[in-house]
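Tertiary structure, described
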Amino acid sequence: EEICSCVKYHADMAGILKAPTTFQLLNDPGAAVGPKKFGVAVTGPNRISENIILVNSIMTKTRPRGHTPLTKNILKVHKMIKRMTPELREQ
């Protein structure tokens, strides 16, 4: 529950700030719950309310299960951030 509350808080804050924010679950929550990767304000400010509703829905429905490939996911996020480095430095 603590992680769910934390994600919901950061989603709300991203919406208020109109700051593009991407969330990625370590395990696939399943088609009935929602996507593994989702965000707020990523596609622009017009869909922020819709994005927050989706985040809340996913975090309410998802449950921990199975093996979590933590190292693999950390390396994937590292590569993603590394590719974004030039753009981030410009800002």
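First, a word on what this report is: a plain description of the structure on this page.

The rules behind the values
- Within every chain, residues take consecutive numbers counted from 1 along the sequence as written.
- Local features in a predicted model are, by the rule used here, given only for residues with pLDDT of at least 70; side-chain atom pairs are given and counted only at 80 or more, and totals for whole chains, interfaces and linings are based on all residues.
- With hydrogens and water stripped out, all remaining heavy atoms of the structure feed into the side-chain values.
- Numbered from the N terminus, helices here are DSSP runs of H or I no shorter than four residues, and strands are runs of E no shorter than two.
- Relative accessibility decides the category of a residue: with a 1.4 Å probe and only protein chains considered, values under 20% of the type maximum give buried, values over 50% give exposed, and everything between is partly exposed.
- Whether two residues touch is decided by their heavy atoms; if any such pair falls within 4.5 Å, the residues are in contact.
- The nonpolar core is taken to be a set of buried Ala, Val, Leu, Ile, Met, Phe, Trp, Tyr and Cys residues, with the residues joined through side-chain atoms within 4.5 Å.
- Patch membership needs two things, relative accessible area over 30% and no salt bridge, and members are linked within 9 Å if like-charged or within 5 Å if nonpolar (Val, Leu, Ile, Met, Phe, Trp, Tyr).
- Method for areas: the Shrake-Rupley scheme with a 1.4 Å probe, in which residue coverage is limited to the protein chains shown.
- Throughout this description, the term salt bridge denotes a Lys or Arg side-chain nitrogen within 4 Å of a carboxyl oxygen of Asp or Glu.
- The aromatic pairing rule takes the rings of Phe, Tyr and Trp, using the six-membered ring of Trp, and pairs them if the centres are within 6.5 Å, calling planes under 30 degrees apart stacked, those over 60 edge-to-face and the rest tilted.
- To get an axis, fit a line to the C-alpha atoms, keeping to the stretch in contact for a helix; angles then go from 0 to 180 degrees between the N-to-C directions.
- Note on terminology: angles under 35 degrees are roughly parallel, angles over 145 are roughly antiparallel, angles of 65 to 115 are roughly perpendicular, and the others are oblique.
- Residues are sorted three ways: Asp, Glu, Lys and Arg are charged, Ala, Val, Leu, Ile, Met, Phe, Trp, Tyr, Cys and Pro are nonpolar, and all the rest, Gly among them, are polar.

Take the environment of Q24 next. The topology assignment puts Q24 in strand β1 (residues 21-24). Judged by its relative accessible area of 28%, Q24 falls in the partly exposed class. Residues Q24 and D12, spaced 12 residues apart in sequence, show a C-alpha to C-alpha distance of 16 Å. With residues up to four places along the chain from it excluded, the contact list for Q24 reads K36, K37, N73 and K76.

In terms of nonpolar packing, the biggest core is built from 15 residues, with F23, F38, V40, V55, I58 and M59 touching the most fellow members. Counting only elements with at least two residues in this core, the list comes to α1 (2-17), β2 (37-40) and α2 (48-61). Element by element, the count of residues in this core is highest for α2, at five residues. Sequence-distant contacts of F38, defined by excluding residues within four places in its chain, comprise T21, T22, F23, L25, L54, V55, I58 and M59.

Residues V77, I81, M84 and L88 make up a contiguous nonpolar surface patch of roughly 300 Å² in combined accessible area. Mapped onto the secondary structure, V77 falls in helix α3 (residues 70-90).

The tally for this structure, following the rule as stated, stands at one aromatic pair. When the centroid spacing of 5.8 Å and the interplanar angle of 25° are considered together, the rings of F23 and F38 count as stacked. Taken as a pair, F23 in strand β1 and F38 in strand β2 lie far apart in primary sequence, 15 residues in all. Judged by relative accessible area, F23 falls into the buried class, the value being 12%.

Further remarks concern the packing of α1 against α2. For the pair α1 and α2, the least separation of the axes is 10 Å and the interaxial angle reads 175°. Taken as axis vectors, α1 and α2 run roughly antiparallel relative to one another. Contacts between α1 and α2 involve I3, C4, V7, K8, A11, D12 and G15 from the first element and I48, I52, V55, N56, M59 and T60 from the second. Residue classes in the contact of α1 with α2 are distributed as eight nonpolar, three polar and two charged.

Applying the stated criterion across every chain yields a total of one salt bridge. Here E50 makes a salt bridge to R47, at a shortest N to O gap of 2.6 Å. Residue E50 is classed as partly exposed on the basis of its relative accessible area of 45%. Take R47: its relative accessible area is 41%, and that puts it in the partly exposed class.

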